[in-house]
Amino acid sequence: MKKVVTMGEIMLRLSTPKYERFVQSDSFDVVYGGGEANVAVSLANYGLDPHFISKLPKNPIGDSAVNHLRRFGVNTDYIARGGDRVGIYFLETGASMRPSKVVYDRANSAIAEADIDDFDFDEIFKNAEWFHFSGITPALSEKGAILTEEALKAAKKHGVTVSVDLNYRKKLWTPERAKEVMTKLMQYVDVCIGNEEDAEKVLGFKPGNTDVTTGELELDGYKSIFKQMKEVFDFRYVVTTLRESYSASDNGWSALIYDGNEFYHSKKYDVRIVDRVGGGDSFAGGLIYSLVSGKNFKDALEFAVAASALKHTIHGDFNLVTVNEVETLANGDASGRVQR
């Protein structure tokens, strides 16, 4: 099994049941999740050997988060234990024209306060083939930004391929701070993943007249910024997910990839949403699995889009699907017929 490393925060997710609003709900459904942890779970489902780097308190809630990852086959040997708290986020799931809402309670979480000495990066990246991080970890704190850069330096020292999901979160930092930190980190990146907001807020590239609120995509705009991004940062691949938000319940979902010579736009799926949290992470997981496994970039993109389309139908942060299920959809069977 090929070793892939991801690093970030896993949080306790408290979500309202049955599409209830925060104000009317008297209970929460409990799951765990977080961008890079979600990617690790996808990779475990596909048969790779994912190792998740993080820091969690040495208490029963921290234990529960670790055990949740182990349950799905993620290696947790590199999770440091210590700190005061697990980050929490509250989710109110929207429907139709009512959007979903997320409230964070993650300040001063264990990973946000982690030090470089908490991790042996030479050991972590030994025999690894891929490292994945996102813009969320550097956004958590100054320590998070420093930790991310040290991990990237170690990954490159060991010849590891690096991918990033830009993942801009306006509740965590400003566009100005995001550009200052993330632009510096792009020198270590081989595969850059993001959506139209990420490209603009994190790196300063705006894709033409695309307006996701109206469901209108201008692909020529993306092609223009992809070329600019590759020229500036020398990425191997530039990738974006393309979400057409018809409502909170129905989205169009596809993706675009550029390898420096050719642009490729995947097939589009019209998705009825059960839970969209983790959709981008499931895409990243599908793309990483495919590229690590030797698929060409077009097949890799189709696998990733199909995987993330399926994730939108699954409750929770994790994409709990198999390679066969993803390939069945990617090959054209979207009937949803009962399998007996």
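Residues numbered from 1 in each chain as written. Predicted model: local features only at pLDDT ≥ 70, side-chain atom pairs only at ≥ 80, totals over all residues. Heavy atoms only, no water.

## Topic: the side chain of Asp 275
Its place among the elements puts Asp 275 in the loop between β14 (269-272) and α9 (279-292). When neighbours within four sequence positions are excluded, Asp 275 is seen to be in contact with Arg 13, Lys 311, His 312, Ile 314, His 315 and Gly 316. (Helix = DSSP H or I, 4+ residues; strand = E, 2+ residues; numbered from the N terminus. Contact = heavy atoms within 4.5 Å.)

## Digging into the environment of Leu 287
Within the fold, Leu 287 resides in helix α9. Leu 287 gets classed as buried once you look at its relative accessible area, which sits at 1%. Counting along the chain gives 53 residues from Leu 287 to Asp 234, while the straight-line C-alpha distance between them is 19 Å. (Buried < 20%, exposed > 50% of the residue type's maximum accessible area, 1.4 Å probe, protein only.)

## Focus: the packing of aromatic side chains
Considering all chains together, one arrives at 14 aromatic pairs under this definition. Taken together, a centroid distance of 5.1 Å and an interplanar angle of 50° make the contact between Tyr 46 and Tyr 289 tilted. Residue Tyr 46 is found in the loop between α1 (35-45) and β4 (49-56), and its partner Tyr 289 is found in helix α9; the two are separated by 243 residues along the sequence. Side by side, Tyr 46 and Tyr 289 carry an identical accessibility label, which is buried. Look at Phe 125 and Phe 131: their rings are 5.0 Å apart centre to centre, the planes differ by 80°, and that puts the pair in the edge-to-face class. Judged by relative accessible area, which is 1%, Phe 125 ranks as buried. One aromatic cluster is present, built from ring pairs that chain together Phe 119, Phe 121, Phe 125, Phe 131 and Phe 133. Directly above the aromatic system of Tyr 104 lies the positively charged group of Arg 106, at a separation of 4.7 Å from the ring centroid. (Phe/Tyr/Trp six-rings, centres within 6.5 Å; stacked < 30°, edge-to-face > 60°. Lys NZ or Arg CZ within 6 Å of the ring centre and 35° of its normal.)

## A short note on the pattern of salt bridges
Taken as a whole, this structure holds 20 salt bridges when the rule is applied. For the salt bridge of Asp 190 with Lys 156, the shortest nitrogen-to-oxygen distance reads 2.6 Å. Of this pair, Asp 190 sits in the loop between α6 (175-185) and β10 (191-194) while Lys 156 sits in helix α5 (residues 142-157), placing them 34 residues apart in sequence. A salt bridge links Glu 180 to Arg 177, with the shortest nitrogen-to-oxygen separation between them at 3.3 Å. With Glu 180 and Arg 177 both in helix α6, this residue pair falls 3 residues apart, about one helical turn. (Salt bridge = Lys/Arg side-chain N within 4 Å of Asp/Glu carboxyl O.)

## Topic: the packing of α5 against α6
Where α5 meets α6, the axes come as close as 10 Å, and the angle between the chain directions of the two elements is 15°. Considered as vectors, α5 and α6 are oriented roughly parallel to each other. Of the two elements, α5 crosses α6, and the hand of that crossing is right-handed. Of the residues in α6, those touching α5 at Glu 142, Ala 145, Thr 148, Glu 149 and Leu 152 are Arg 177, Val 181, Lys 184 and Leu 185. (Axes fitted to C-alpha atoms, helices over the stretch in contact; angles between N-to-C directions. Parallel < 35°, antiparallel > 145°, perpendicular 65-115°, else oblique. Left-handed = near helix turned anticlockwise from the far one by under 90°.)

Remember, this is a structural readout, not a statement about activity or role.
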